[in-house]
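# Fold and geometry: a report
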Amino acid sequence: METLAALGGGFAVALSPENLLWCLLGTTLGTAIGVLPGLGPALTIALLLPITFQVPPTAAFILFAGIYYGAMYGGSTTSILLNTPGESATIVTALEGNKMARSGRAGAALATAAIGSFVAGTVGTLGITFLAPVVVDFALKFGPAEYFSLMVLAFVTVSAVLGSSAVRGLAALFFGIWLGLIGIDLQTGQARFTFGLDELLDGVNVIVVAVGLFAVGETLYVAARRYTGNDEIVPLRGSLYMTKEEWQRSWKPWLRGAAIGFPIGAMPAGGSEVPTFLSYYTEKKLSKHPEEFGTVGAIEGVAGPEAANNASAAGVLVPMLTLGLPTGATAAIMLSAFQSYGINPGPMLFQSQPALVWGLIASLYIANIMLLVLNLPLVGLWVKILRIPAPLLYAGILVFATIGTYGISNSPVDLVLLYVIGIVGFLMRRYDFPTAPVVIGMILGPLAEQEFRRAMTISNGDWSVLVTQPLSATLLALAAVALLGPMVWRVARR
Amino acid sequence: MTKPPSTGPAWPETLIGLGLLGVAALVWWQTGEIRTSPMYAKVGPRIFPYLTAIGLGAMAVAMVVAGLRGGWQPEEEREVPTDWRAVFFVGAGLLANVLLIVPAGFTLASVVMFVLVAHGFGSRQPLRDAAIALVFALSAYFGFAKALGVNIGAGVIEKLLGG
């Protein structure tokens, strides 16, 4: 009941004409960047971070959340029509979606993706509404030791468990933590890793790292892969209205996808690849038309993973808002936006900033409705965006990267740093390192250090406090199982 | 666990591992340079950096070993030839941008970068690209940057237009 009243208050905030406009701007921009290959929500929100100096926090987060949700919708359009996933989360959609488009059912594929995204996005937002207060109650019991152990668990899951290699994931994570440590140590005032450069005293800016990895690194990677620009866009054919049979084949996968996606997204592990693949294999197994999978394209294989993708995107916001724990690159950058306002996400946020939190959650419901309209009747518009030639697209991305970076302090040093990180990002892409752990480590690393030092101060320097308190010990044990479990399993099977 | 027949060391992966080992050594060495005060002796500003250096070093060693054993890149990725010409032009565009942005201003630097990058990606209409770049950079300057309240270096062109 309390939750419903709070949500009502949130709608009063989100429905103000100004905030509706921010939501519309965010969802439109989000869909556009989701459609465009090479641009993602993490990069876009990083480029827009300076807006936090201009507008109140509620407006900024409604905008960012709109971009985040919109990118999930837009990514499916690219996967279906171009077979080049616009977002990593929509790789699975491309499997069946593009086959459907090639057999003349692009309209139905787009429709089931958009409506499934709407259903799952709404289920996921309902999940946030009712799960968040529960997590908050639980999290209020956390002390510094528990927070530190929780962050260790998140570090392990985002870098070692979800990627293709624990070694490369952890290497990316430690690199990010190191970047986060550069600058003045806030507790002792000592400079760390500044190499005598005054520019580094304030630390490495997260904009530089995100833009370097996701814009410069990505551009170099695409250029190096001998980009020929011959991607074939499947023409939009077939009615956007689904037949009765298509509805019947879609609604169960939507709900199953949402049921798979939200819990996995809400765990302090995040990631949308696992739930989308899980949903895909579930639908393939349950389908009455298994012969369509991989041949002409099965609608269940689009409906389920798309729903799982959107529900897990919503789930990621739960640990982010309630614990201040980002489990994806986009969430990490949103966390740095909170820091820019001097707000600490976490259980206290729901008490200290109810208008902001509940306004944001309410705006997610509105964003889903806007996105359904933006993505179904207006899909033709987004198909046109897909036709922007690659040379102009990537050259334009680098111009935006310049604005975002050079605007920080008008220093060419930042541009040099941007390009160095871009080269690192290129090598990481080329040699199959995940990039999200870098951003997560950079944002979460200093917070983990802070909690660690707090815990040590309380315990008077006794490290054992991490394993003698039951909750902290449990979290660390889970982290150890997540890290070592797969290795032990492999050895045991041999 | 069956390993594919050994193909000999994969040098790019080994080099990446060695490079990361260098970074770990750098982090270790620089951590020793952080000054600590006896007041904070228990949990000073060095502990996390040391842990980070150890983590980086351990992963680097694992990568060097994996590299010497044949690397981790899948066969099809290894067979994609690198388009050095494209990388060269994109790199040249980035370099031109850094060198020009202070003396010539954002718009001019962006146009030069845009044309070079577009060329790297296979566009063969430099004049058309320059025209698009000019319109794009100016609208980005007066729209995006001004709306965000970001101050980016005004050069000749921006001043002429009253930026």
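Residues numbered from 1 in each chain as written. Chains lettered and ligands numbered in written order. Predicted model: local features only at pLDDT ≥ 70, side-chain atom pairs only at ≥ 80, totals over all residues.

### Observations regarding the overall build of chain A
- Each helix and strand in chain A was counted, giving 21 helices and two strands.
- Dimensions along the principal axes, computed over C-alpha positions, put chain A at roughly 70 × 60 × 50 Å.
- For chain A, the residues scored as buried account for 60% of the 494 residues in total.
- Summarising the internal contacts of chain A: among those between residues at least 6 apart in sequence, 80% fall at separations of at least 24. (Helix = DSSP H or I, 4+ residues; strand = E, 2+ residues; numbered from the N terminus. Buried ≥ 20, exposed ≤ 12 C-beta atoms within 10 Å, placed from the backbone. Contact = placed C-beta atoms within 7 Å.)

### What to know about the packing of helix α4 (residues 57–82) of chain A against helix α5 (residues 91–102) of chain A
All names here are of chain A.
- It is at 6 Å that the axes of α4 and α5 come closest, and there the two elements cross at 55 degrees. Looking at the two axes, α4 sits oblique to α5. The crossing of α4 and α5 is right-handed. On α5, the residues touching Ser-76, Ser-79, Ile-80 and Leu-81 of α4 are Thr-93, Ala-94, Gly-97, Asn-98 and Ala-101.
- In terms of residue class, the contact of α4 with α5 is made up of four nonpolar, five polar and no charged. (Axes fitted to C-alpha atoms, helices over the stretch in contact; angles between N-to-C directions. Parallel < 35°, antiparallel > 145°, perpendicular 65-115°, else oblique. Left-handed = near helix turned anticlockwise from the far one by under 90°. Nonpolar A, V, L, I, M, F, W, Y, C, P; charged D, E, K, R; others polar.)

### Brief notes about helix α4 (residues 84–104) of chain B
- Given a rise of 1.5 Å per residue, 21 residues ought to cover 30 Å, and the 28 Å separating the end C-alpha atoms of α4 of chain B matches this to within 8%.
- At Val-98 of chain B, α4 of chain B shows its largest bend, some 30 degrees.
- Taken together, the buried positions of α4 of chain B are occupied by Ala-86, Phe-89, Val-90, Gly-93, Leu-94, Ala-96, Asn-97 and Ile-101 of chain B.
- The inward-facing, buried residues of α4 of chain B abut α9 (206–224), α17 (390–409) and α18 (412–430) of chain A together with α5 (106–120) of chain B. (Expected span 1.5 Å × (residues − 1). Bend = angle between axes of the 7 residues up to and from the residue.)

### Quick word on the interface of chain B and chain A
- Opposite the 59 residues of chain B that make contact, chain A presents 54 residues.
- Residue assignment for the side of chain B that touches chain A shows that the elements contributing at least two residues are α1 (11–33), α2 (47–68), α4, α5 and α6 (126–148) of chain B.
- Ranked by the residues each element gives to the side of chain B that touches chain A, the list is headed by α4 of chain B, at nine residues.
- Taken together, the residues of the side of chain B that touches chain A break down into 39 nonpolar, 16 polar and four charged.

### Some thoughts on the domain arrangement of chain B
- In terms of domain boundaries, chain B breaks down into domain 1 (11–79) and domain 2 (84–160).
- For domain 1 of chain B and domain 2 of chain B, the distance between their C-alpha centroids amounts to 36 Å. (Domains from an automatic or database assignment.)

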